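In case you want the letters, here they are:
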Amino acid sequence: MAGQRVEVDGGIMEGGGQILRVSTALSCLLGLPLRVQKIRAGRSTPGLRPQHLSGLEMIRDLCDGQLEGAEIGSTEIMFTPEKIKGGIHTADTKTAGSVCLLMQVSMPCVLFAASASELRLKGGTNAEMAPQIDYTTMVFKPIVEKFGFKFNCDIKMRGYYPKGGGEVIVRMSPVKQLNPINLTDRGSVTKIYGRAFVAGVLPFKVAKDMAAAAVRCIRKEIRDLYVNIQPVQEPKDQAFGNGNGIIIIAETSTGCLFAGSSLGKRGVNADKVGIEAAEMLLANLRHGGAVDEYLQDQLIIFMALACGVSRIKTGPVTLHTQTAIHFAEQLAKAKFSVKKSEDEEDASKDTYIIECQGIGMTNPYL
């Protein structure tokens, strides 16, 4: 299978772990030998961190591939993929590295495996700089399943910064191919709900304060909807370490989902955490798109692989999304276009249509 190695510059655009995730997933799926250079070149700690390494090792194991240069601090790797196989695969960041990001890199691959897969992912479930696991289950899952597959996500243990210690088990069966999606009709907001959690030694009052502050903030802008944010004390046997945070979801008449979330940090009062999440949600509702800013880039790889034309309406296109598109075009040869939305209701807003002619990837084992 070893053809010409595809060269990827890990220092351009988003310039971080995302380039690695998108390029290794596509390399694995398409059987393209890959070299990534200048990995996280511009970051304060350049090169591979533990979470990137565990993601790479998982992809290697998924397809019995070969991986060179994979160690902490390395800025160049070579990857030679083989056949994608199902079965049980484990990835452990050994830190609060995000299980959600491990899921992002592995999920597209195991959809095209020979048999069903079980991914055992260990690390942070509600950690900074990454989606929270609640976002993955409450927003990402129902939307990504529109591509025509189902997955099950079982949160065994929650883990927080700095210790991690969380564990999530993802189970899924392979598909023959992915259906394109059309997410362009936002509809009107019909429901707003969420959860504010505390874990470990933090008092339950913190959860109640986060929820109350978020509700007050949303009420200022959206007066006619009941906002149902549940304060939750994570059970001791289901949470490792201490943490607090909140996620708030808005659901629309057409089934679109938007979120705002925030995590507590030492010395930041509970009200502030709640307000930050509420403001993020409100900002995601203002731009007129049908997906929020965090779903944008996570959908690109699936659009690239799907059989047919996908369209999503978004707010301002993020750097992560531009980066995912760049590598989906370079590696998978999918064709994307990003245009300002021409709908009348979007005239005054920063709204875009991302369209993709997918490559119609088919599973060779089914």
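Owing to the predicted nature of the structure, the values given are computational and were not obtained by experimental measurement.

Chemist: What should I look at first to understand the overall build of the protein in this one?
Modeler: In terms of helices and strands, the protein carries 8 helices and 17 strands. Against the compact-globule benchmark of 21 Å for 366 residues, the protein has a radius of gyration of 20 Å, which places it among compact chains. A total of 366 residues make up the protein; the buried ones form 55% of that total. Per element, the accessible surface of the protein, about 15,200 Å² overall, is 51% carbon and sulfur. Counting 42 positive and 38 negative side-chain charges, the protein places the averaged centre of each group 4 Å from the other.

Chemist: Mind showing me how you'd approach the packing of helix α7 (residues 293-305) against helix α8 (residues 319-332) here?
Modeler: Packed helices, taken two at a time, are described by the angle their axes make and the gap between the axes. Packing of α7 against α8 leaves a shortest axis separation of 8 Å and a crossing angle of 15°. Taken as axis vectors, α7 and α8 run roughly parallel relative to one another. Both α7 and α8 take part in a crossing whose hand is right-handed. For the pair α7 and α8, contact is made by Q296, D297, I300 and A304 and by H320, T321, A324, I325 and A328, respectively. In terms of residue class, the contact of α7 with α8 is made up of 5 nonpolar, 3 polar and 1 charged.

Chemist: Help me out: how do you make sense of the layout of surface pockets in this one?
Modeler: Empty space left among the atoms is revealed by rolling a probe the size of a water molecule over them. Of the voids in this model, the largest pocket is the one considered here, and its volume is about 1,200 Å³. Surrounding the largest pocket, 39 residues form its lining, L101, E128, M129, A130 and P131 being those nearest its centre. Within the residue set of the lining of the largest pocket, elements represented by two or more residues are α1 (17-30), α2 (50-62), α3 (99-110), β14 (257-263), α6 (270-286) and α7. Ranked by the residues each element gives to the lining of the largest pocket, the list is headed by β14, at 5 residues.

Chemist: Where do I start with the pattern of salt bridges in this structure?
Modeler: Where charged atoms from two side chains of opposite charge come close, those side chains can pair. Per the stated rule, a full pass over the model turns up 23 salt bridges. Ionic pairing is found between D9 and K38, a salt bridge with its closest N-O pair at 3.8 Å. Here K38 lies in the loop between β2 (34-37) and α2 and D9 lies in strand β1 (residues 6-9), a separation of 29 residues in the sequence. The exposure class assigned to D9 is partly exposed, which follows from its relative accessible area of 28%. The salt bridge partner of D154 is K156, with a shortest N-O separation of 2.9 Å.

Chemist: Can you walk me through the UniProt feature "binding site: ATP" (unreviewed entry) in the protein in this structure?
Modeler: In the UniProt entry, the feature "binding site: ATP" (unreviewed entry) is given for Q104, Y294, L295, Q296, D297 and Q298. Of the residues just listed, which span 195 residues, no C-alpha pair is farther apart than 12.8 Å, and they cluster in one region. Lining the largest pocket, from the residues just named, are Q104, Y294, D297 and Q298. Assignment of secondary structure puts Q104 in helix α3. Non-local contacts of Q104, meaning those with residues more than four positions away in its chain, are made with R21, P131 and Q298. Mapped onto the secondary structure, D297 falls in helix α7.

Chemist: Any chance you could explain the packing of α2 against α3 here in plain terms?
Modeler: The geometry of α2 relative to α3 is characterised by a closest axis approach of 9 Å and an angle of 15° between their N-to-C directions. For the element pair α2 / α3, the angle class is roughly parallel. Between α2 and α3 lies a crossing whose hand is right-handed. Contacts between α2 and α3 involve Q51, S54, G55, M58, I59 and L62 on the former and, on the latter, L102, V105, S106, C109 and V110. Considering only residue class, the contact of α2 with α3 consists of 7 nonpolar, 4 polar and no charged.

Chemist: Sorry, what's going on with the UniProt feature "domain: RNA 3'-terminal phosphate cyclase insert" (unreviewed entry) in the protein here?
Modeler: Sequence positions flagged by UniProt for "domain: RNA 3'-terminal phosphate cyclase insert" (unreviewed entry) are, in local numbering, residues 184-285. Helix makes up 33% of residues 184-285 and strand 36%, with an end-to-end C-alpha separation of 14 Å.

Chemist: Can you walk me through the domain arrangement of the protein in this structure?
Modeler: It is common to give the size of an interface as the accessible area lost on bringing the parts into contact. In terms of domain boundaries, the protein breaks down into domain 1 (6-183 + 291-359) and domain 2 (189-287). Of note, the centres of domain 1 and domain 2, computed from C-alpha atoms alone, are 25 Å apart. In this complex, domain 1 contributes 29 residues to the contact, which on the side of domain 2 involves 27 residues. Of the roughly 2,200 Å² buried between domain 1 and domain 2, counting both surfaces, carbon and sulfur atoms make up 62%. Looking only at domain 1, the three residues that lose the most surface to domain 2 are Q132, M138 and Y160, adding up to 27% of its buried area. Linking domain 1 with domain 2 are 8 residue pairs in polar contact (both at pLDDT 80 or more), by the criterion used here.

Chemist: Any chance you could explain the pairing of strand β17 (residues 352-357) here in plain terms?
Modeler: In regular strands, side chains alternate between the two faces of the sheet. Taken together, the 6 bridges between strand β15 (residues 309-314) and β17 define a ladder with antiparallel strand orientation. Across the sheet, residue S310 finds its bridge partner in β17, namely C356. In the sheet, strand β16 (residues 335-340) pairs with β17 via 6 bridges, with the strands oriented antiparallel. Its bridge partner being in β17, V338 is matched across the sheet by I354.

Calculation notes
Residues numbered from 1 in each chain as written. Predicted model: local features only at pLDDT ≥ 70, side-chain atom pairs only at ≥ 80, totals over all residues. Heavy atoms only, no water. Helix = DSSP H or I, 4+ residues; strand = E, 2+ residues; numbered from the N terminus. Rg over C-alpha atoms; globule rule 2.2 N^0.38 Å. Buried < 20%, exposed > 50% of the residue type's maximum accessible area, 1.4 Å probe, protein only. Areas by Shrake-Rupley, 256 points an atom, 1.4 Å probe, with all protein chains shown as cover. Lys, Arg positive; Asp, Glu negative; His and termini not counted. Charge placed at Lys NZ, Arg CZ, Asp CG, Glu CD. Axes fitted to C-alpha atoms, helices over the stretch in contact; angles between N-to-C directions. Parallel < 35°, antiparallel > 145°, perpendicular 65-115°, else oblique. Left-handed = near helix turned anticlockwise from the far one by under 90°. Contact = heavy atoms within 4.5 Å. Nonpolar A, V, L, I, M, F, W, Y, C, P; charged D, E, K, R; others polar. 1 Å grid on protein atoms, 1.4 Å probe; cavity = no way out; pocket = protein on both sides within 12 Å on 5 of 7 lines; lining within 4 Å. Points joined across faces, edges and corners; volume = space filled by probe spheres on them. Salt bridge = Lys/Arg side-chain N within 4 Å of Asp/Glu carboxyl O. UniProt positions renumbered as here; feature names shortened; annotations may be inferred. Domains from an automatic or database assignment. Buried area = accessible area lost by both parts, 1.4 Å probe. Polar contact = N/O pair within 3.5 Å; in protein donor to acceptor, adjacent residues only side chain to side chain. Pairing = 2+ DSSP bridges.

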